[in-house]
Amino acid sequence: MDSELLVEALDFLAEQEDYEVHSLLVVRNGYIVTDAYFYPFAEETMHNTFSVTKSIMATLIGIALDQGYIESIEQPVLGFFPEKTAANLDANKQAMTLEDLLTMETGFDFISQPEDTLWEMMLTTDDWVQFTLNLPMLEAPSTSFAYCSPGSHLLSAIIQQTTGMSTLNFANEYLFGPLGIADVAWPSDPQGITHGWSDLHLSPYDMA
């Protein structure tokens, strides 16, 4: 590692007003080579990982598969929620699989970008899982990619349905705990389901 380049990077970030960088932590071959924080943030500050949360969700689905809680990514999504009745039910919705949620190829009919309107609509309801399952279909699953935060929330609900644990508790036992991560904040929806698309809070050290 070239320390002069790292210093230049820190100087550059300190001079910027547009980037709002909280910290810069660089780990190389298991060694911390840069550990810097920008006021008012500090080493112990918890940060919202925003949509990095979705990658954590995908990891947890993989762990649930490995542990035998989930049989296959080919399982139909509706099969995970036998107690719920989905509106706008058709062959396309019945064909949607766990893999389609993971790859964001659900076929749901919605406007997600640039303002993620569907996500904002979901937050106004009392049952975010039901809202998502009720969405109309635009096309067959696995047809095209469309960014879908509510779909990622279904992943969290599937973890809870199959393991009997909240996604936070499942993560603490199978992911965060084994990694030595103890300080985690991750809120739940009105039904007690951990947010699947965002809002996981970690320190920079734990993120690294």
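Here is a short report on the structure shown in this document. Bear in mind the structure is a predicted one, so any value in this text is a computation, not a measurement.

### Structural notes on the overall build of the chain
A count of helices and strands for the chain gives 9 helices and 4 strands. Across the chain, helices and strands are ordered from the amino to the carboxyl terminus as α-β-β-β-α-α-α-α-α-α-α-β-α. With the C-alpha coordinates of the chain rotated into their principal frame, the extents come out at 60 × 35 × 30 Å. Expressed as a percentage of its 208 residues, the buried residues of the chain come to 39%. Relative to all contacts within the chain whose residues are 6 or more apart in sequence, the contacts with residues 24 or more apart total 69%. A total accessible area of about 11,100 Å² is found for the chain, and carbon and sulfur atoms account for 52% of it. The averaged location of the 31 negative side-chain charges in the chain is 9 Å from the averaged location of its 4 positive side-chain charges.

### What about the side chain of Thr53?
Along the polypeptide, Thr53 turns up in helix 2 (residues 52-66). Within the structure, the side chain of Thr53 is placed 2.7 Å from the backbone oxygen of Phe50, a separation counted as a polar contact. What Thr53 contacts, discounting residues up to four positions off in sequence, is Trp186, His195, Gly196, Trp197, Ser198, Asp199 and Leu200.

### Brief notes about the nonpolar core
Leu60, Phe81, Phe176 and Trp186 are the most contacted members of the largest nonpolar core, which totals 43 residues. If you list the elements that add at least two residues to this core, you get helix 2, helix 4 (98-103), helix 5 (117-123), helix 6 (128-133), helix 7 (149-163) and helix 8 (167-176). Not counting residues up to four positions away in its chain, the partners in contact with Phe81 are Val129, Leu133, Leu154, Ala157, Ile158 and Gln161.

### What to know about a nonpolar patch on the surface
Together, Met1, Tyr31 and Val33 make up a nonpolar patch on the protein surface, roughly 360 Å² of accessible area in all. With respect to the secondary-structure elements, Met1 resides in the segment before helix 1 (3-15).

### Points about the packing of aromatic side chains
Tallied over the full model, the rule gives 7 aromatic pairs. Aromatic side chains Phe12 and Tyr19 sit 6.1 Å apart centroid to centroid with 40° between the ring planes, which places their arrangement in the tilted category. Each ring, one from Tyr69 and one from Tyr174, has its centre 6.3 Å from the other, and the planes form 75°; the classification is edge-to-face. Separated by 105 residues along the polypeptide, Tyr69 in the loop between helix 2 and helix 3 (91-95) and Tyr174 in helix 8 bring together distant segments of the chain. Pairwise contacts between aromatic rings join Tyr69, Phe170 and Tyr174 into one cluster.

### Digging into helix 2
End to end, helix 2 covers 22 Å across 15 residues, agreeing with the expected 21 Å (1.5 Å per residue, within 8%). Looking at helix 2, one finds that the buried residues are Thr53, Lys54, Ile56, Met57, Leu60, Ile61, Ile63 and Ala64. Buried residues along helix 2 sit in contact with helix 4, helix 7 and helix 8. Looking one or two residues beyond helix 2, the residue adopting positive phi is Gly68, at roughly 90°.

Rules of the game
- Once a new chain begins, its residue numbering starts again from 1 and follows that chain's sequence as written.
- Only residues with pLDDT of 70 or above have their local features reported here, since the model is predicted, and side-chain atom pairs are shown and tallied only from 80 upward, although totals for entire chains, interfaces and linings are computed over all residues.
- Each side-chain value is worked out from all heavy atoms of the structure, with water and hydrogens disregarded.
- Numbering goes from the N terminus for both helices and strands, where a helix is a DSSP run of H or I of at least four residues and a strand is a run of E of at least two.
- Exposure categories follow from relative accessible area, calculated using a 1.4 Å probe and restricted to protein chains: below 20% of the type maximum is buried, above 50% is exposed, and the middle band is partly exposed.
- Should any heavy atoms of two residues lie within 4.5 Å, those residues are counted as being in contact.
- Only the protein chains shown count as cover for residues, and all accessible areas are computed by the Shrake-Rupley method using a 1.4 Å probe.
- In this count, Lys and Arg are taken as positive residues and Asp and Glu as negative ones, while His and the chain termini are left out.
- Charged groups are reduced to one reference atom each: NZ for lysine, CZ for arginine, CG for aspartic acid, CD for glutamic acid.
- Polar contacts, as counted here, are pairs of nitrogen or oxygen atoms within 3.5 Å of one another; within protein the pair requires one atom able to donate a hydrogen and one able to accept it, and residues that are adjacent in sequence qualify only if both atoms are side-chain atoms.
- As used in this record, nonpolar core signifies buried Ala, Val, Leu, Ile, Met, Phe, Trp, Tyr and Cys residues forming a set joined through side-chain atoms within 4.5 Å.
- Residues with no salt bridge and a relative accessible area higher than 30% make up the patches, which join like charges within 9 Å and nonpolar side chains (Val, Leu, Ile, Met, Phe, Trp, Tyr) within 5 Å.
- Throughout this description, the term salt bridge denotes a Lys or Arg side-chain nitrogen within 4 Å of a carboxyl oxygen of Asp or Glu.
- Two rings belonging to Phe, Tyr or Trp (six-membered ring only in the last case) form a pair when the distance between their centres is within 6.5 Å. Interplanar angles under 30 degrees mark stacking, angles over 60 mark edge-to-face geometry, and anything in between is tilted.
- Helix span, expected: 1.5 Å multiplied by one less than the number of residues in the helix.

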